[in-house]
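# Commentary on secondary and tertiary structure
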Amino acid sequence: MLSMTNEEVKKAAAFFTREIEKLASGRSLRLMEVCGTHTVSIFKSGIRQLLPENVELVSGPGCPVCVTPNEYLDTAIAYSRKSDVMITTFGDMLKVPGSSSTLAKEKAQGSDIRIVYSSLEALEFAAKNPDKKVIFLAVGFETTAPTAAAAILMADETHLTNFYVLSAHKLVPPALRALLASGKSHVDGFLLPGHVSAIIGLQPYDFLSKEYHIPGVVAGFEPLDILQAVYMLLLQIHDQTARLENQYSRIVPKEGNPSACRILSQVYQQSDAVWRGLGKIPNSGMSIREKYQAFDALLNIPIIVEETKEASQCQCGKVLRGLLQPSNCLLFGKACRPEHPIGSCMVSVEGTCAAWYKYGAGRWQV
Amino acid sequence: MSNECVQLAHGSGGKLSHDLIKDVMWPAFANEILGEMNDGAQLHISGCRLAFSTDSYVVKPLFFPGGDIGKLAVCGTVNDVAMNGALPLYLSAGFVLEEGFPIADLQRIVASMQQAAKEAGVHIVTGDTKVVEKGAVDGIYINTAGIGKIMDGIHISGKNALPGQNIILSGYLGEHSLAVMGERHGLQFPQSVRSDCAPLNGLVEAMLTAVPKVAVLRDPTRGGLATTLNEIALQSGVGIMLEETHIPISSAVQAACDILGFDPLYLANEGKMVVFVEPESTNQVLDIMQQHVYGSEARVIGTVVKEPRGQVGLRTRIGGVRLLDMLVGDQLPRIC
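The structure presented is a predicted model; accordingly, all values stated were derived computationally and were not measured. (Residues numbered from 1 in each chain as written. Chains lettered and ligands numbered in written order. Predicted model: local features only at pLDDT ≥ 70, side-chain atom pairs only at ≥ 80, totals over all residues. Heavy atoms only, no water.)

## Thoughts on the overall build of chain B
- Summing up its helical and strand segments, chain B has 8 helices and 14 strands in all.
- Counting only C-alpha atoms, chain B reaches 60 × 55 × 45 Å along its principal axes.
- Counting the 336 residues in chain B, one finds 57% classified as buried.
- For chain B, the share of sequence-separated contacts (at least 6 apart) that also reach a separation of at least 24 residues comes to 83%.
- For chain B, the accessible area works out to roughly 14100 Å², and carbon and sulfur atoms hold 54% of it.
- Counting 24 positive and 35 negative side-chain charges, chain B places the centres of these two groups 3 Å from one another. (Helix = DSSP H or I, 4+ residues; strand = E, 2+ residues; numbered from the N terminus. Buried < 20%, exposed > 50% of the residue type's maximum accessible area, 1.4 Å probe, protein only. Contact = heavy atoms within 4.5 Å. Areas by Shrake-Rupley, 256 points an atom, 1.4 Å probe, with all protein chains shown as cover. Lys, Arg positive; Asp, Glu negative; His and termini not counted. Charge placed at Lys NZ, Arg CZ, Asp CG, Glu CD.)

See the structure below:
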């Protein structure tokens, strides 16, 4: 698609838009984009304005920062206050509010917190700072978990004794199952996450069509990918069928990435995990296997964590389940803004509220 | 704000920087000249119109593809003076050095400053050097201030944007930011990702000599093109509509941004400028810019519109329109 001229892109977009309008005519539809990168791409490319009003796009629990619960933040913040600890983290996590602070505030007050671009960079910090216990905040879905697992394997091979992982890695399919099992999130189709699917392949989503009769399309991130995936969902809905389709076949093989999956299962085992807004979901998390427990921060570095409190009136939980659009939250754009976020959905660059705010849903009059 | 601490994001050049200046600096320093909110102060002294600007440079690493902290300290201030429609004449240079900083590195940096000053045709005529204990600063910080004479008949201000004007961008975006970031974090970007750090006063002089009617000049440094245009939209009380397909972004920068989850429209530049000009003068300005080494890729990227005031919109590649807001905090690499 990158090789298409601007004129060809515009033409293709107009075709999909026209067809979507025809297929959706006379019905009201809710499609959920599961991945935060999709959310951003949808807003960034102005797709919401191209779709007819009766086709509503809602965001699901696909932003890893957003679904990380307060308790995890509180634990990371408590660790950051220890003088012999260095926290290494992707930048997104800095601003997310815990119960009473953020990592950014702790950093401003002297905590040793370093932004890294990969888990391997965290390993380098550990190698260069033997007097520090270096904790990597491992947050993310199936896409990023293999790199954290690889870092643990490398730390093991190189006998690093001061590298630890605070794992909040999560698995997407169990969250979708929990969402549907709750019976509250009415969704007519799923735009499934391209990056995650590149690792896990298609099979883990089979239950969507088989058990819930809901169409799903694995989608890429270019604007045309998303428009095409919406079109593919609407074709299924129009034909009253439910299948799992792969719009992003140029990147996502049916079987995923077996070597990444192998590393994942070598280092991690599935465990229950708490998701912000969705609560505890069985088998939706990844905890470090016994063999590599020397790298588990929680098991090796004692810590007392403050009692977790949720921000009053914060509705991130509902937003993450597709039950509330950000503009219907009383805090949105008022008390809760990107420069003063109340909830995680306003913090992360891939958060639904941040995207609504940043890209001005309804604020730019054409 | 009085209960809060300064965070890194307060220095990003985006919304938090604005809040800090508005809430802390402005109440103490408020005056008419500062209130113009341009890249430098425009002064009237005994019938002479001068532009005066200052900036501090704390970049890490000190040396990066396409430049170093010294080149940056000269070009940055030269450009801020030039963006007032002035010919930069003299600079000051203040150094804060960390105990233990290698003299060889200092020599390399000042040689680079001299080279950049020579290219810009300015003289470094006064300065200051302080050395502080190890750990008090990170190697070296440089402050430069610059003064220049505003060209006769030229009236440039961020308040001059009017509906109907065209917006020209002088070249490709985001190169400086990514070059520095690549060096800082050891990221392997293509060799073409080099800082665009350059003195723009020659280009400004050529343009304004031929077309004195230029309304606004601004270099999109911290906060990038999006934040710069938001500032101008607010200053002038107008709207701005950009065409995504007209904005020059190299494939190397776009690819790096895709990987990191950055938006090139918010990345800092050190050798680019935006020019607001009336439609009848647009082609002439473009011609002049395109003949200059620092404007060879110049093109019209959008227009000034009446409504909605104070906002910037972007017509996207697929034909949608979305808001292009100011940067909030620093852009941070995404997780997913």
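Once the structure has been displayed, the description carries forward.
## Some remarks on the packing of helix α8 (residues 145-157) of chain A against helix α13 (residues 258-267) of chain A
Residue and element names in this part refer to chain A.
- One way to put it is that α8 packs onto α13 with a least axis distance of 9 Å and a crossing angle of 60°. The angle between α8 and α13 places the two elements in the oblique class. Helix-helix and strand crossings are classified by hand; for α8 and α13 the assignment is left-handed. Counting all contacts with α8, which are made through A145, P146, A149, A150, I152 and L153, the residues of α13 involved are A260, I263, L264, Q266 and V267.
- Partitioned by chemical class, the residues of the contact of α8 with α13 number 10 nonpolar, 1 polar and no charged. (Axes fitted to C-alpha atoms, helices over the stretch in contact; angles between N-to-C directions. Parallel < 35°, antiparallel > 145°, perpendicular 65-115°, else oblique. Left-handed = near helix turned anticlockwise from the far one by under 90°. Nonpolar A, V, L, I, M, F, W, Y, C, P; charged D, E, K, R; others polar.)

## Points about the environment of A:M346
Residues and elements named next belong to chain A.
- Note that M346 resides in the loop between α15 (316-320) and α16 (352-358).
- Between the C-alpha atoms of M346 and W356, which are 10 residues apart in sequence, the distance is 8.9 Å.
- Setting aside residues no more than four positions away along its own chain, M346 makes contact with F332, G333, C336, R337, P338, P341, C353, A354 and Y357.

## What to know about the sheet that holds strand β7 (residues 189-193) of chain A
Residue and element names in this part refer to chain A.
- In space, the 5 strands of this open sheet follow the order β2-β1-β7-β8-β9, with parallel pairing throughout. Only two strands of the sheet have a single partner each, and these edge strands are β2 (55-59) and β9 (244-246). When strand polarity is set aside, the average angle formed by the axes of neighbouring strands in this sheet is 25°.
- Pairing between β7 and strand β8 (residues 216-219): 4 bridges, direction parallel. Bridging across to β8, L191 finds its partner in V217.
- Contacting β1 (29-33), β2, β7, β8 and β9, helix α12 (residues 223-238) crosses the sheet at an angle of about 165° to β8. (Pairing = 2+ DSSP bridges.)

## Digging into the interface of chain B and chain A
- Contacts between chain B and chain A engage 38 residues on the former and 53 residues on the latter.
- Carbon and sulfur atoms make up 63% of the surface buried where chain B meets chain A, a total of about 3800 Å² over both sides.
- Connecting chain B to chain A are 1 salt bridge.
- Counting the contacts that link chain B with chain A gives 6 residue pairs in polar contact (both at pLDDT 80 or more).
- Contributions of two or more residues to the side of chain B that touches chain A are made by α1 (15-29), α4 (175-185), β10 (239-243), β13 (312-315) and β14 (321-323) of chain B. (Buried area = accessible area lost by both parts, 1.4 Å probe. Salt bridge = Lys/Arg side-chain N within 4 Å of Asp/Glu carboxyl O. Polar contact = N/O pair within 3.5 Å; in protein donor to acceptor, adjacent residues only side chain to side chain.)

## So, the environment of A:G194
All names here are of chain A.
- Residue placement: G194 occurs in helix α10 (residues 194-200).
- By relative accessible area, which is 0% here, G194 ends up buried.
- Sequence-wise, G194 and A78 are 116 residues apart; in three dimensions their C-alpha atoms are separated by 35 Å.
- If we skip the residues at most four places from it in the chain, G194 touches H38, V218, A219, F221, Y248 and V252.

## Concerning unusual backbone geometry
- Of note, the bond from B:K60 into B:P61 is cis; its omega dihedral lies within 30 degrees of zero at 5°.
- Here the bond from B:E307 into B:P308 is cis, since omega is -15°, no more than 30 degrees from zero.
- Of note, B:P308 is situated in the loop between β12 (299-305) and β13.
- If you check the backbone angles, A:H213 has positive phi at about 55° while not being a glycine.
- In this fold, A:H213 is placed in the loop between α11 (206-212) and β8.

## Section: the sheet that holds β12(B)
Residue and element names in this part refer to chain B.
- With mixed pairing, the 7 strands of this open sheet are ordered in space as β9-β11-β8-β12-β10-β13-β14. The two strands at the open ends of the sheet, each matched to only one other strand, are β9 (216-218) and β14. Averaged over neighbouring strand pairs, the angle between their axes works out to 25° when direction is ignored.
- Relative to strand β11 (residues 274-277), strand β8 (residues 166-169) is paired through 4 bridges, and the arrangement is antiparallel.

## Quick look at the side chain of A:T39
All names here are of chain A.
- Positionally, T39 belongs in helix α2 (residues 36-44).
- Given a relative accessible area of 2%, T39 falls into the buried group.
- In this view, T39 contacts E33, S59, E350, T352 and A355; residues no more than four positions away in its chain are not counted.

## Describing the packing of aromatic side chains
- Under the counting rule described, the total for this entry stands at 9 aromatic pairs over all chains.
- Here B:R299 stacks its cationic end above the ring of B:Y172, 5.8 Å away from the centre of that ring. (Phe/Tyr/Trp six-rings, centres within 6.5 Å; stacked < 30°, edge-to-face > 60°. Lys NZ or Arg CZ within 6 Å of the ring centre and 35° of its normal.)

## Considering the pairing of β10(B)
Residue and element names in this part refer to chain B.
- In terms of burial, β10 is largely enclosed, as 4 of its 5 residues are buried.
- Where β10 lies against β12, 4 bridges are found, and the strand directions are antiparallel. Residue pairing across strands places M241 opposite T303, the latter belonging to β12.
- The pairing of β10 with β13 spans 4 bridges and is parallel.

## Considering α12(A)
Residue and element names in this part refer to chain A.
- Here α12 is 16 residues long and its end C-alpha atoms lie 22 Å apart, about the 22 Å a rise of 1.5 Å per residue gives.
- Counting buried positions over the 16 residues of α12 gives 13, a clear majority of the element.
- Among the residues trailing α12, Q240 stands out with phi positive, at a value near 55°. (Expected span 1.5 Å × (residues − 1).)

## Considerations on the state of the cysteines
Residue and element names in this part refer to chain A.
- Per the stated rule, a full pass over the model turns up 0 disulfides over all chains.
- Summary of cysteine pairing: C336 is not part of a disulfide, and the nearest cysteine sulfur, belonging to C353, is at 6.3 Å.
- Judged by relative accessible area, C336 falls into the buried class, the value being 9%. (Disulfide = S-S within 2.5 Å.)

## Side note on the nonpolar core
- Of all hydrophobic cores here, the largest spans 74 residues; its most connected members are A:I135 and A:F190.
- Not counting residues within four places of it along the chain, the set of residues in contact with A:F190 comprises A:M32, A:V34, A:L176, A:L180, A:L208, A:I214, A:P215, A:G216, A:V217 and A:L233. (Core = buried A, V, L, I, M, F, W, Y, C linked by side-chain atoms within 4.5 Å.)

## A word on a nonpolar patch on the surface
Residue and element names in this part refer to chain B.
- Together, I21, V24, M25, W26, F29 and L34 give the surface a local cluster of nonpolar side chains, amounting to about 560 Å² of exposed area.
- Take I21: it is sitting in helix α1.
- I21 gets classed as partly exposed once you look at its relative accessible area, which sits at 48%. (Patch = residues over 30% accessible without salt bridge, like charges linked within 9 Å, V, L, I, M, F, W, Y side chains within 5 Å.)

## As for helix α5 (residues 201-210) of chain B
All names here are of chain B.
- Residues N201, L203, V204, M207 and L208 constitute the buried set of α5. For α5, the angular spread of the buried residues around the axis is 155°, confining them to a single face.
- Elements in contact with the buried residues of α5: α2 (69-82), β5 (86-98), α3 (103-120), β9, β11 and α8 (279-291). (Arc of directions from axis to C-beta.)

## Description of the side chain of B:S250
- For B:S250, the location among the structural elements is in the loop between β10 and α7 (251-260).
- At 3.1 Å, the side chain of B:S250 and the backbone nitrogen of B:V253 are in polar contact.

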